[in-house]
Structures are given as structure tokens and as C-alpha cells.
Amino acid sequence: MADDNNLPAVIIHRLSDFQHPLPWPKHTIFNPIESSDPLYPVHRASARVLIVIPPSPLKAEHLDQYPSVECVVGTSAGVDHIDLAECRARNIRVTGAGSAFAEDGADYAIGLLLDVLRRVSAAHRFVRAGLWPVKDHFPLGNKAICLVEMDMIGLFRWWHDDITVLGEKRVGIVGLGNIGTLVAKRLEPFGCTIAYTSRNKKPQIPYAYYPTVLDLATNSDSLIICCALSNKTRHIINRDVLTALGKKGVIVNIGRGALVDEKELVKFLVEGELGGAGLDVFENEPEVPKELYMLDNVVLSPHRAVATPESFNNVMEVVIANITAFFLNKPLLSEIDLNDWC
Amino acid sequence: MENIDVLITTPVNPYLEQELDKRFNLIRLWNYPQKQEFFKNHSDSIRGVVNNPWHPADREFIDSLPALEIVSSYSVGLDHVDLGYCKGKGVKVTNTPDVLTEDVADLAIGLMLTTLRGISECDRYVRSGLWKKGDFKLTTKFSGKKVGIIGLGRIGTAIAKRAEAFNCPISYYSRSEKPESNYKYFPSVVELASHCDILVVACPLTEQTRHIVNREVLDALGPKGFLINIGRGPHVDEPELVAALVEGRIAGAGLDVFENEPHVPEELFGLDNVVLLPHVGSGTVETRNAMADLVIGNLEAHFSKKPLLTPVV
């Protein structure tokens, strides 16, 4: 404990339910203080840095508990659980995850897209249920040959009229940030046409830009949602957008559930007005609309797009780099421009 | 050409059947469960056969059709056709290369992502209501994993191109090194397996490549390695693969093909690190129709005495 007194205290802001998947280790740079620490009341009042464990909210009433905080260090891809306007008003700086999760997030988005388009998980279920060989009754001549023939027919029972080629598709990326940029890069060799929408057109990006999500959806066969959730983007995927995407359209969401009007999405899928969806996030996790369970053109995932040891190790490095920079009065590694958000 | 008898062995594609029906006198083999009756009544007139990997054109089959002139296979793989015998008897053989390259490569990447990132298991976790009880586990990152490809032909190259966009270092084994390729070459599959994280089978099935993935290769691949098979089931020693998976000696597998389709070893059904697909590598509407067009184009060319589109023999 004597060593720890020399290290600056950093509060770990974690509401009791929310456990980080990996234990928070001691560091040589700072002394992490959990709410269970006997010295917590002292540090809470004096700590200048706060680490937020998602999805623990950090709102005004929480910030009131940390009167000395100057820097909030986020540890997740999304920051919608942090009241950024409040932070700006209190002159508190906020750092994000930077590109720590970008590769895994992009990989997962492509994985979901391919899974939906090629019905990978649905086909896996089909095989696993023992449905590939279909046993049927047929008049038997040579019994062995007949069974084989029936199996062959069962083989082609798998056929789906709606399984289609990715290379001929127009894929629209909603949000060309850290994750969206890597999604685009990964899509290129598949031969699909890539376009995007973003708050601003990005110079030197070779893909077509559309100023609104509706424009993008009108000109796309699939949409991949990788943008952040804010007041401006809540329900950005709404009935008009789903209609514009069309009956064969596919949505992949690895952003936040609230980016999509979930009730509308379910309606479109159940009524066959949308081609399919790959969803890693939902409006009210872990609740998932049960109507989706029966659909083969939907892939459901329990918020795991960036759930790899590699991503968590990456974000730990980003956190440590930001905290180190803060205490050395150097520029922060992945500071969020709060003016962008408020 | 409506007088020409063409036999189709399996109901693979309604569009293919419909287009064949328009042009030829199409005979559907599955309508004749009594094989002897069929061969008695039709064998002398059949001049063309449309088959696929599940209906071999072996010696016995070819001999039973004395008027046979052409076998047009609805596949790119030809391990199910006795090419030497066809050549000897003057029977032409065609396949469906190129049109399915991209689809198979897409599926290979899809299999890698679904297997490594546990997407099917995630889906099952949600559908079974388990998410309400707690989070699903962590899975292993795909980007940056070393991908080793057995066979750097059209499909192998297309897979490499896609995996590169995920920053995966690419290496390969081939019958001979390809100097024009920038990828790292290994002169044996065992060496390839010991130097990669994901081993992909993408070569043709021949006498030499049967069981090219055997116990030794699986051991070299190791407990952190994954096997992806979009080639042919017999490329892999299946009982050895099952044992390696059940015993945790390799990390997982994504399999589109099996030694004895449509039978899949049931021991694999209970494993959450294995993805099993019913041979759907080329299974998209566009590609299956493009394959059908090639089959029909080849038959039409043959019967109008024009050059075949995609001859093999």
C-alpha cells in the first residue's frame, strides 16, 4: 500500500451490476480505486481522473459525486452512456476507445452481413438438426439406391430463393468513423459497390457519399450501421429508410439498438418487407423481440461485436496511454471533441 | 434439338431443369426409382448427361449409356467423373469454372468469421433465452490471423485477396511454387499447417490430394488452429478430424463439405466451435443460374457442333 500512495488515484466508475469482462489490474502508472476500497470516500472527492466501465451511466448526478474530476476515460466503443454535454459544461475532458475496437467491430459487421446473405447460421441449424438427409417413403426397388436418392433430394431441400451474391450488391455504410472505414476496406475485394453517409463528407475517400441515410438507403441493397448514438441519430433507421432499402434489403447493426426503430424493423421483417437483418444490438438489451426467433433471414447476437481478448487488451492500452498523457500534461491520445456532440 | 435425349441425374436447380426442358427431351433420373427399368427403356438413346458431385459418372455409369456423347457437370470439381475413361471412349466432359469462384471465396470468409467469432453460437445463445442470464463468452479475433491456403488456384487466390483486406498474412501450399504470387510458399501441407492459424482447403480433389489433411497436419495445426474446408470432404481424413475436434486438439472448424454427404458425423453436432454447412459454397441464385447457363451452353454447343465453352476432356 505504501507504493500506491505515490501513484495518482483514478476512480473506477462502475455501478454494481456492470462487470468488465476482464479484471481491472493494478498499474504502475495509476492507482485504480473501486467503490469497495476503504479509501474510496477520500479519493472520490479528490480524484482528477475517472474510468467508466460500460454501460454504467455517467450523468449529472454521478458527476456531482466527483467534484475534482478533470478527465473521464471511456473504455468502450460507444459513449452514449456518458452525458457529454454535462462534461463539456463542467470543462471535463473525455477520451474514447480510439481505434481499439475498430478491427473486431468491422470483422463482426462483415461476418453478420455474410451470415445473413448466405444464411450461414440458418444452414448450420439445418444441418445440426439432422435435416440434411431427408428420409422419406418411396416405392422401393433397390433399397440402397433409393435411400441414397432420397438423401440427394433432401440435400436440395436446403435451397433458398433469396440467397444472393455479395459482389453484386451496393453496400451503404452509415457512419464512416474508425469502424466504418475498416468495414469499407474489408468489403472492397468482394467486389461490391461501397457508399456511405456521415456527418460530413470525408475528403480523399473513394466511395460515393450521400448526405442523408434516406438517400443512402435508396441507393443501397444492404446497410451497415456503425455510427455513434446521440440525440441526432436516435431512430435514424426508421420506416422511411427501411422502405427505401426495399424488400430484399439487409440491415446490419453493430452500433446501438436505439439507432433503429426496433418496432418498425420487426414489423418489416415479420411481414417480409425487408430481406434480412444481422443484429448485435437492441433497444432494450438483453430483451430481443421474440418474433425474430422464428426467422431464418435474421442473425441475432448478444452484443459481442468487439468481445475478444484482443480488443479488451487494446482498450486497456489506450486507457493507460490516455491516463499517462494526462498526468504528464501531454496531449491525450483519443480525446473526443465534445463540440461535435453537443 | 428437342429430339435429343438428355439425362439429368439430380433435381439440383429448377431453372436448369426448365431450360433443359425447353431445348431437349429431358429425362429425369429420379423419376425412375427402378434403375433396371430405366436403363432398359432409355439407355440407348441418351446422348447427354447433366450430373453433379453427388452422382458420379464412373465406368459403370458410362458403360450403361452406349450412346453417350457428353457429360456436362453442374460443378467445377470433377473428382466424380472418370475423366480418363471418358477420354478413352470419346465422351466429352465440361464443368462450370469461374462463375462460382467469388461465391465460394465469399463463403470461405463467411465460414472463417462465423467460426472464429462464434456467430452461430451467439445466435443460438440469444434464441434460447440465455442472454437474460448472462453475457456470452469472448471469442477470438479474426483480423491479422495467419491464413494458410492449400491450393492457390482461382478459388484459393480469391480467398487470399479477401483475407488480405483483414490484414491476414497469407501463405500457401501448391504442387509447385507460384513465383508471380507475393504470398509465402510452403513445400508441404504439414509445414503450412504449423505456420498458420487458419488452414483452408481450396484445391481440386485428385488421387494425390485425397486425405491431404490428415492426423499429422491436424497435429501441426494445433490447439489454436482452425480448419476451413470448402473443397471436398475426402480432402480431409474425417474420423481424424472428428477426433481432433472432440478432443480439443484443434481450436475449431468450418466445414461446407463431408466425406459422405449428406451425412455429417453426429459427434460434431454438440460442438460449439464447429460450423456445419450443407455444401452451399456456390449456393446463390445468381451463381447457380450462371452454372446452369454454362451447362446448357456447353450442351447446345456440342449438339450444334460448335466449340465447347468450358471443356475439360
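Residues numbered from 1 in each chain as written. Chains lettered and ligands numbered in written order. Predicted model: local features only at pLDDT ≥ 70, side-chain atom pairs only at ≥ 80, totals over all residues. Heavy atoms only, no water.

How would you summarise the UniProt feature "domain: D-isomer specific 2-hydroxyacid dehydrogenase catalytic" (unreviewed entry) in chain B if you had to cite specific residues and measurements?
When the UniProt feature table is mapped onto this chain, "domain: D-isomer specific 2-hydroxyacid dehydrogenase catalytic" (unreviewed entry) is found at residues 6-312 of chain B. Between the end C-alpha atoms of residues 6-312 of chain B the distance is 19 Å, and the span holds 35% helix and 15% strand. (UniProt positions renumbered as here; feature names shortened; annotations may be inferred. Helix = DSSP H or I, 4+ residues; strand = E, 2+ residues; numbered from the N terminus.)

Run through the state of the cysteines, naming residues and quoting values.
A complete count under the given rule lists 0 disulfides over all chains for this structure. C168(B) supplies the cysteine sulfur nearest to C196(B), a cysteine that is in no disulfide, at a spacing of 11 Å. (Disulfide = S-S within 2.5 Å.)

An account of the pattern of salt bridges is needed here, citing residue identities and associated values.
Pairing is possible between side chains of opposite charge, provided their charged atoms come close. Residue and element names in this part refer to chain B. Taken as a whole and assessed by the stated rule, the structure comprises 40 salt bridges over all chains. Among the salt bridges present, the one from R215 reaches D219, with a minimum N-O distance of 3.2 Å. Residue R215 and its partner D219 are both found in helix α9 (residues 215-221); the two are separated by 4 residues, about one turn of the helix. Owing to a relative accessible area of 38%, R215 belongs among the partly exposed residues under this scheme. For E240, the salt bridge goes to R215, with nearest N and O atoms at 3.9 Å. With a gap of 25 residues between them, E240 in helix α10 (residues 238-246) and R215 in helix α9 connect regions that are remote in the sequence. With relative accessibility at 23%, the residue E240 sits in the partly exposed group. (Salt bridge = Lys/Arg side-chain N within 4 Å of Asp/Glu carboxyl O. Buried < 20%, exposed > 50% of the residue type's maximum accessible area, 1.4 Å probe, protein only.)

How would you explain the interface of chain A and chain B if you had to name every residue and give the values?
Across the boundary between the two partners, chain A contributes 75 residues, which contact 67 residues of chain B. Surface buried jointly by chain A and chain B totals about 6,200 Å² across both partners, of which 62% is contributed by carbon and sulfur atoms. Linking chain A with chain B are 8 salt bridges, by the criterion used here. Put simply, R117(B) and D104(A) hold a salt bridge, and the shortest N to O gap is 3.7 Å. Taken together, chain A and chain B are joined by 29 residue pairs in polar contact (both at pLDDT 80 or more). Elements with a contribution of two residues or more to the side of chain A that touches chain B: α4 (102-118), α5 (120-128), α6 (143-155), α7 (178-187), β12 (298-300) and α11 (309-327) of chain A. If one sorts the elements of the side of chain A that touches chain B by residue count, α4(A) sits on top with 10 residues. Classifying every residue of the side of chain A that touches chain B by side-chain character gives 42 nonpolar, 12 polar and 21 charged. (Contact = heavy atoms within 4.5 Å. Buried area = accessible area lost by both parts, 1.4 Å probe. Polar contact = N/O pair within 3.5 Å; in protein donor to acceptor, adjacent residues only side chain to side chain. Nonpolar A, V, L, I, M, F, W, Y, C, P; charged D, E, K, R; others polar.)

Please give an account of the sheet that holds strand β4 (residues 71-74) of chain A that cites residues and values.
Residue and element names in this part refer to chain A. Read across the open sheet, the 5 strands follow the order β2-β1-β3-β4-β5; overall the sheet is parallel. In the strand order of this sheet, the two ends are held by β2 (31-33) and β5 (93-95), each with one partner. The sheet shows a mean angle of 25° between the axes of neighbouring strands, direction not considered. Judged from the 3 bridges that link them, strand β1 (residues 9-13) and β2 form a sheet pairing that is parallel. If you follow V10 over to β2, its bridge partner there is P32. (Pairing = 2+ DSSP bridges. Axes fitted to C-alpha atoms, helices over the stretch in contact; angles between N-to-C directions.)

Provide a residue-level description of the layout of surface pockets, including the pertinent values.
Residue and element names in this part refer to chain B. Taken as a whole, the second largest pocket holds about 1,000 Å³ of empty space. Lining the second largest pocket are 46 residues, with V76, A202, C203, P204 and L205 sitting closest to its centre. At the level of secondary structure, the elements contributing two or more residues to the lining of the second largest pocket comprise α5 (101-116), α7 (154-164) and α11 (285-303). Looking at which element gives the most residues to the lining of the second largest pocket, the answer is α7, with 3 residues. Here the residues of the lining of the second largest pocket are counted per class, giving 22 nonpolar, 16 polar and 8 charged. (1 Å grid on protein atoms, 1.4 Å probe; cavity = no way out; pocket = protein on both sides within 12 Å on 5 of 7 lines; lining within 4 Å. Points joined across faces, edges and corners; volume = space filled by probe spheres on them.)

How would you explain the nonpolar core if you had to name every residue and give the values?
Among the nonpolar cores identified, the biggest contains 124 residues, and V183(A), L187(A), L16(B) and I159(B) are the most heavily contacted of them. With 10 residues, the single largest contributor to this core is α4(A). With residues near it in sequence (within four places) discarded, I159(B) still touches A105(B), A108(B), I109(B), M112(B), I149(B), V200(B), A202(B) and I230(B). Judged by nonpolar contacts, the second largest core, of 34 residues, contains V189(B), L192(B), L268(B) and L271(B). (Core = buried A, V, L, I, M, F, W, Y, C linked by side-chain atoms within 4.5 Å.)

Account for the sheet that holds strand β4 (residues 70-73) of chain B, with residues named and values stated.
All names here are of chain B. Taken in spatial order, the 5 strands line up as β2-β1-β3-β4-β5 in an open sheet, and their pairing is parallel. Of all the strands in the sheet, just β2 (25-28) and β5 (92-94) have a single pairing partner and so form its edges. Along the sheet, successive strands turn relative to each other by an average axial angle of 20°, direction set aside. Where strand β1 (residues 5-8) and β2 come together, 4 bridges link them in parallel fashion. Across the sheet, residue L7 finds its bridge partner in β2, namely I27.

Lay out the UniProt feature "domain: D-isomer specific 2-hydroxyacid dehydrogenase NAD-binding" (unreviewed entry) in chain B with the relevant residues and their values.
In the numbering adopted here, UniProt assigns the feature "domain: D-isomer specific 2-hydroxyacid dehydrogenase NAD-binding" (unreviewed entry) to residues 109-281 of chain B. Helix makes up 29% of residues 109-281 of chain B and strand 14%. Its end C-alpha atoms lie 11 Å apart.

Describe the packing of helix α1 (residues 14-23) of chain B against α11(B), and please don't skip the residues or the numbers.
Residue and element names in this part refer to chain B. At their nearest, the axes of α1 and α11 sit 9 Å apart, and the two run at 25° to each other. The angle between α1 and α11 places the two elements in the roughly parallel class. As for how α1 packs across α11, the hand of that crossing is right-handed. Residue-level inspection shows Y15, L16, E19, L20 and R23 of α1 in contact with α11, the latter providing N289, A292, D293, V295, I296, L299 and E300. (Parallel < 35°, antiparallel > 145°, perpendicular 65-115°, else oblique. Left-handed = near helix turned anticlockwise from the far one by under 90°.)

Describe the domain arrangement of chain B, with residues and values.
Residue and element names in this part refer to chain B. Taken domain by domain, chain B holds domain 1 (5-95 + 285-304) and domain 2 (100-276). Between the C-alpha centres of domain 1 and domain 2 there is a distance of 32 Å. Approximately 630 Å² of surface area, both sides summed, lies buried where domain 1 meets domain 2, with 55% of it carried by carbon and sulfur atoms. Put simply, domain 1 and domain 2 have 1 salt bridge between them. Note that R232 is salt-bridged to D79, the shortest N-O span being 3.2 Å. Where domain 1 packs against domain 2, one counts 3 residue pairs in polar contact (both at pLDDT 80 or more). Partitioned by chemical class, the residues of the side of domain 1 that touches domain 2 number 4 nonpolar, 3 polar and 1 charged. (Domains from an automatic or database assignment.)

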